[in-house]
Amino acid sequence: MCEAVKVLVRGRVQGVGFRPFVFRLAQEAGLKGTVQNNMDGVRIVWEGTREAIRLAMKKLVSERPRLSRIDEMTCEHVAAAGLTDFTILESDRGGKSTLVIPVDSAVCDDCLREMRDPGNFRYRYPFINCTQCGPRYSIIAALPYDRPYTSMKDFPMCDQCAAEYSDPSNRRHHAQPIACDTCGPYVSLIDMDGNVLGRHDDAVRLTVRSLESGMIVAVKGIGGYHLACDAADRELVEKLRQRKNRPERPLAIMAASVEAARRIAVVSDREESLLRSPEAPIVLLEKGADYDRLLPETLAPGVRTIGVMLPYTPLHHLLFDDGSFSYLVMTSANPSGLPILYEDEPARVYLAGIADRILTHNRPILHAIDDSVVRLSERAPFFLRRSRGYVPDPLPARTDVDGVIALGSEMKNTFALGRHRQIFIGPHLGDLSAEESLGHYKKTLSHLMKWMGIEVKTVAVDMHPLYSTRSVAEKMNKPIVPVQHHHAHLVSCLEENKLEGPVLGIILDGTGYGEDGNIWGFEVLYGDASGYRRLAHLRYTPLPGGDRAVLEPWRNAAAMLIELLGERGRRLAGRLFPDKESVLAVISRMLSLKLNSPLAGTCGRLFDAVSAILGICRESTYDGEAAIRLSECLTQTAEDAVPYPFIVTEKHGLKELDFKPMIEQIAVERLDGDPLRPIIRRFHETIVSACRSLLEDIAGEHPELGRRVVLSGGSMNNPFLSRRLAESLEAGGFSVYTHHLLPSGDGGLCLGQLMIAAAKNRVSGEKNAD
């Protein structure tokens with residue numbers, strides 16, 4: 001007996017070969033019907049026997065394409081129409097979008113084999129792709145995901161490509177970026193005056209020779225331009241740093257293979273899986289025993305790790321196939337703090353004087369996207385930067401968040417969009433203080449809101465009155481919900497771990513505007529999306545010159561010594577920074593007059609101060625340098641240590657943590673010439689001990705608050721600190737939860753902002769209903 005069902009599949013089901021997959025299932029099961037992309041997902045009609053339909057439904061889940069993800073599937077019985085075959089219909093662009101936009105994916109092994117096969121018509125074609133790999137998000141102009149709505153629309157298919165595209169049994173059936181050297185995009189190598197030196201395969205071979213001869217080449221990839229050079233050439237790496245004005249910040253490298261990566265770094269099986277994954281992120285790896293023999297220290301000075309990725313585009317693979325090098329620097333070409341370069345003419349103008357040549361191509365990048373950065377650590381957050389390969393994949397929401405958007409933070413910005421029970425986190429957009437960055441932010445936000453069919457109801461913003469996101473929110477003319485920075489961190493971690501009810505939170509961070517107008521960042525909170533209480537914080541100390549004290553940690557250290565220890569602190573500062581004596585007098589005066597010296601109590605500034613006192617980093621050349629270099633002095637197996645003393649006081653039910661005795665002792669030990677590593681180990685252990693002590697006191701005084709605690713904030717990116725803190729708290733009987741889906745720093749707090757605004761909406765709705 002013939003039966004019929006209508007199936008709607010939602011999730012990541014467009015641009016991943018889902019319709020050809022459904023066609024194959026129908027052929028195997030002898031089913032008739034149709035499959036169609038629409039603005040809601042993929043719609044399937046199957047007609048056939050009950051057993052054939054049951055088997056196809058089972059395989060729809062168990063054998064789905066590797067890049068697909070099914071979030072929701074509905075099935076209803078309908079009247080059979082007596083269909084005689086199975087057809088892939090043209091996409092339906094009507095209605096509102098509930099689609100999941102496909103992510104950019106690393107080239108698959110099948111395509112690489114064809115690219116390296118001299119008998120294949122795509123031999124050495126640098127844009128080879130199929131339904132299981134290649135660009136997606138970065139080339140989409142509109143939904144649903146079909147070629148006319150991508151940057152491939154201006155490349156009509158040749159007969160061979162069209163035949164594959166139309167063949168339901170071919171893995172390139174409806175692969176929207178399908179192309180070959182006859183009909184598709186091509187690469188060009190140009191000099192800095194715009195002269196074309198070579199096109200097509202000649203450009204690839206000339207680029208390899210350029211890299212081998214010691215040139216710096218800008219390479220246009222999936223999401224933007226990288227600067228590439230031979231990573232093993234010390235003088236060349238130093239030249240790149242000078243030209244890009246990037247003196248110390250670690251540079252990411254691309255290794256030719258996992259085997260090459262193992263020669264310079266320690267690579268676990270899990271790390272290898274990440275390197276080889278379709279997402280192909282940069283993975284932070286511990287430097288190996290032979291690192292210094294094979295690569296210069298100037299790639300990642302002062303740190304024990306190196307960011308490594310494998311070739312993830314066909315073009316990358318061709319460069320390594322032809323080249324004599326095993327490692328290339330592959331760092332974003334954009335100026336520090338500005339958006340990634342992805343448009344050809346602006347890139348050529350900016351890169352004059354930095355790159356020697358540019359390897360570009362004529363497939364437009366419609367949406368720039370940075371490389372993702374991850375680290376596998378026992379308890380530290382997985383993501384340092386969530387972008388290419390993961391964005392814009394949604395997170396599931398436990399409540400309806402439709403129409404709620406969150407604009408994120410000023411630094412390491414990402415935004416969040418709520419659609420029904422899905423939350424879409426935008427790509428890493430960096431620092432919004434520059435006009436160019438804010439313009440890029442607005443463009444990216446607008447595009448994703450349009451694609452997702454978001455009708456804004458509520459806008460969540462950081463409560464800092466001067467953040468750029470505030471002006472963006474005001475122009476939307478929708479209700480605005482200001483959210484305290486660290487409350488957002490707490491709720492982000494709570495939501496990631498699907499915790500119900502209020503929890504304790506330790507938020508260790510660099511900067512966040514507090515409700516008292518001071519700078520928070522070493523917080524013990526209790527709350528959930530509906531609200532929070534501040535239970536404890538670090539004693540405030542002044543930052544003379546505000547942001548300048550962040551850029552020059554020695555100023556912060558001097559101010560901390562003077563504020564905490566008075567005249568003795570002033571003398572210690574003079575001995576620690578003897579070349580700054582005249583400036584120290586000015587700083588002392590600024591503190592006494594409370595002149596341009598905002599008060600801060602943050603973990604980030606505490607790390608900065610200790611780093612400066614110990615002479616590790618007195619002036620930062622990149623965000624977080626002082627703290628990173630301090631923590632990098634420790635290994636994960638560092639010896640046990642006795643914490644320094646600290647003081648806890650209480651005023652009006654709010655505990656205050658004072659590290660005055662620790663700061664004094666560290667300064668004295670430094671001046672006495674004590675070895676640094678034991679001091680740094682004790683410093684870390686003191687933070688752990690202080691946090692546990694605070695929580696044990698709070699839990700003892702208020703057992704009704706429970707013993708569940710979330711760890712969040714940028715300082716949790718310190719793997720040693722996050723591991724020891726989790727271990728210590730668990731030993732004390734606390735249940736500890738950390739980030740695993742988003743960064744623990746500002747790149748993940750937009751999730752918390754969104755959930756807090758959604759909770760406020762629910763409360764308002766309930767009041768209105770009453």
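For the structure itself, look to the data block above.
Residues numbered from 1 in each chain as written. Predicted model: local features only at pLDDT ≥ 70, side-chain atom pairs only at ≥ 80, totals over all residues. Heavy atoms only, no water.

**Considering the overall build of the protein**
What counts here: Labels follow the DSSP assignment, with helices taken as runs of H or I lasting at least four residues and strands as runs of E lasting at least two, numbered in each case from the N terminus. Radius of gyration means the value over C-alpha atoms here, while the globule rule gives 2.2 Å times the residue count to the 0.38 power. For each residue, the accessible area found with a 1.4 Å probe, counting protein chains only, is set against the maximum for its type, and the residue is called buried under 20%, exposed over 50%, and partly exposed in between. Contacts are assigned to residue pairs that have any heavy atoms within 4.5 Å of one another. Surface accessibility in these figures is a Shrake-Rupley result with a 1.4 Å probe; residues are shielded only by whichever protein chains are displayed. His residues and chain termini do not enter the charge count, which takes Lys and Arg as positive and Asp and Glu as negative. In this description, the location of a charge corresponds to atom NZ of lysine, CZ of arginine, CG of aspartate or CD of glutamate.
For the protein, the helix and strand inventory stands at 23 helices and 32 strands. Its C-alpha atoms give the protein a radius of gyration of 28 Å, near enough to 27 Å, the size a compact globule of 770 residues would have. With respect to the principal axes defined by its C-alpha atoms, the protein has extents near 90 × 75 × 45 Å. For the protein, with 770 residues in total, the buried portion stands at 60%. Sequence-distant contacts, at least 24 apart, represent 71% of the contacts inside the protein between residues at least 6 apart. Working note: accessible area of the protein is about 29,200 Å², and carbon and sulfur atoms make up 50% of it. Side-chain charges of the protein comprise 93 positive and 99 negative groups, with the mean position of each set lying 1 Å from the other.

**A few points about the packing of aromatic side chains**
What counts here: Only rings of Phe, Tyr and Trp enter the pairing, Trp through its six-membered ring, and a pair is recorded when the two centres are within 6.5 Å. The plane angle decides the type: under 30 degrees is stacked, over 60 is edge-to-face, the rest tilted. Any Lys NZ or Arg CZ that is within 6 Å of a ring centre and within 35 degrees of that ring's normal is treated as a charge sitting over the ring.
Overall, the coordinates contain 12 aromatic pairs when judged by the stated rule. With a centroid separation of 6.0 Å and an interplanar angle of 65°, the aromatic rings of F522 and F659 are classed as edge-to-face. Taken together, the residues span a long stretch of sequence, with F522 in strand β25 (residues 519–528) and F659 in the loop between β30 (654–658) and α20 (660–671) at a distance of 137 residues. For the pair F522 and F659, a shared accessibility class is recorded, and that class is buried. On the basis of an interplanar angle of 75° and a centroid distance of 4.9 Å, the ring pair of F607 and F683 is categorised as edge-to-face. Here F607, found in helix α18 (residues 603–613), pairs with F683, found in helix α21 (residues 676–701); they are 76 residues apart in sequence, far enough to count as distant. Residue classification places F683 among the buried positions, given a relative accessible area of 0%. Within the aromatic cluster, the residues linked to one another by ring pairs are F382, F383 and Y390. Across the ring face of Y644, the terminal group of R682 is positioned such that the distance to the ring centre comes to 3.9 Å.

**Some points on the pattern of salt bridges**
Condition: The term salt bridge refers to a side-chain nitrogen of Lys or Arg lying within 4 Å of a carboxyl oxygen of Asp or Glu.
As enumerated under the stated definition, the model contains 55 salt bridges in all. Between R10 and E72 there is a salt bridge, with the nearest N and O atoms lying 3.2 Å from each other. Remark: E72 occurs in strand β4 (residues 69–78) and R10 occurs in strand β1 (residues 3–12); sequence separation between them is 62 residues. Overall, R10 belongs to the partly exposed group, its relative accessible area being 21%. By relative accessible area, which is 39% here, E72 ends up partly exposed. Its salt-bridge partner being E164, residue R172 comes within 3.8 Å of it at the nearest N-O pair. Both residues of the pair, R172 and E164, count as buried. Residues joined by salt bridges that share partners form a network here, namely E114, R122, E164, R171 and R172.

**Some remarks on the sheet that holds strand β18 (residues 394–396)**
Let me state the cut-off plainly: Here the rule is simple: two strands pair whenever DSSP picks up at least two bridges between them. Lines fitted to C-alpha atoms define the axes here, with helix axes fitted over just the stretch in contact, and angles between the N-to-C directions of these axes take values from 0 to 180 degrees.
In space, the 6 strands of this open sheet follow the order β18-β21-β20-β19-β22-β23, with mixed pairing throughout. One side of each edge strand has no neighbouring strand; the edge strands of this open sheet are β18 and β23 (480–483). Across the sheet, the mean angle separating the axes of adjacent strands is 20° when strand polarity is ignored. Where strand β22 (residues 458–462) lies against β23, 4 bridges are found, and the strand directions are parallel. Bridging from a neighbouring strand, A460 pairs with V481 of β23.

**So, the environment of R147**
In plain terms, the rule: Here a polar contact means two N or O atoms within 3.5 Å. Within protein one must be a hydrogen donor candidate and the other an acceptor candidate, and residues neighboring in sequence count only if both atoms are side-chain atoms.
Along the chain, the position of R147 falls in the loop between α3 (109–115) and α4 (159–166). Residues R147 and M476, 329 residues apart in the sequence, show an inter-C-alpha distance of 32 Å. In this structure the side chain of R147 is engaged in a polar contact, spanning 2.9 Å, whose partner is the backbone oxygen of I178.

**As for the nonpolar core**
Threshold: For this analysis, a nonpolar core means a set of buried residues of the types Ala, Val, Leu, Ile, Met, Phe, Trp, Tyr and Cys, connected via side-chain atoms within 4.5 Å.
In terms of nonpolar packing, the biggest core is built from 69 residues, with L359, L407, L417 and Y441 touching the most fellow members. For this core, the leading source of residues is helix α12 (residues 435–452), giving 7 residues. Excluding its chain neighbours within four sequence positions, the residues that come into contact with L359 are V187, S188, L189, A203, T207, V217, A218, V219, K220, Y225, L315 and L319. Counting residues in each nonpolar core, the second largest holds 66 residues, with L572, A627, F683 and M716 among its members.

**A few points about the sheet that holds β4**
If you trace the 5 strands from one edge of the open sheet to the other, you get β4-β1-β3-β2-β5, paired in mixed fashion. Because the sheet does not close on itself, it has two edges, and the strands there are β4 and β5 (86–88). Each strand of the sheet is rotated relative to its neighbour by a mean of 15°, with strand direction disregarded. Relative to β4, β1 is paired through 9 bridges, and the arrangement is antiparallel. Bridge pairing in β4 places V9 opposite M73.

**Considerations on the pairing of strand β26 (residues 531–538)**
Strand direction decides the pairing type here: β25 and β26, joined by 6 bridges, are antiparallel. Across the sheet, the residue bridging to V524 is A536, located in β26. As consecutive antiparallel partners, β25 and β26 are separated by 2 residues. Of the strand pairs in this sheet, β26 and β30 are connected by 3 bridges, and their pairing is parallel. Considered in β30, the bridge of L538 is made with L657.

**Notes on empty space enclosed by the protein**
To keep it simple, the criterion reads: Throughout, the protein atoms alone are placed on a 1 Å grid, and a set of points is a cavity if a 1.4 Å probe fits but cannot get out or a pocket if it is open with protein on both sides within 12 Å along at least five of seven lines; lining residues have an atom within 4 Å of a point. Grid points are joined across faces, edges and corners, and a volume is the space filled by probe spheres set on the points. Classes in brief: Ala, Val, Leu, Ile, Met, Phe, Trp, Tyr, Cys and Pro nonpolar; Asp, Glu, Lys and Arg charged; the others, Gly included, polar.
Under the defined criterion, the tally for this structure stands at 7 cavities of 30 Å³ or more. The space that makes up the largest cavity amounts to roughly 170 Å³. Along the wall of the largest cavity there are 20 residues; nearest its centre are P126, I222, T313, P314 and R363. With 3 residues, the top contributor of residues to the lining of the largest cavity is helix α10 (residues 314–322). A class-by-class count of the residues in the lining of the largest cavity yields 11 nonpolar, 7 polar and 2 charged. Within this model, the second largest cavity holds a volume of roughly 120 Å³. Counting residues per element, the ones that place at least two in the lining of the second largest cavity are α16 (553–576), β28 (599–602), α18, β30 and α20. Each residue belonging to the lining of the second largest cavity can be placed in one class, and the counts come to 9 nonpolar, 4 polar and 4 charged.

**Some thoughts on helix α2 (residues 50–62)**
The cut-off we apply is this: By this rule the span expected of a helix is its residue count minus one, scaled by 1.5 Å. An arc is given here, and it is the one of the directions from the helix axis to the C-beta atoms.
Taking 1.5 Å as the rise per residue, α2 with 13 residues should run 18 Å; its terminal C-alpha atoms sit 19 Å apart, in good agreement. Listed in full, the buried residues belonging to α2 are A52, I53, A56, M57 and L60. Buried residues of α2, seen end-on, are gathered within an arc of 135° and therefore sit on one face of the element. Pointing more than 90 degrees away from the buried face of α2 are the exposed residues R50, K58 and S62.

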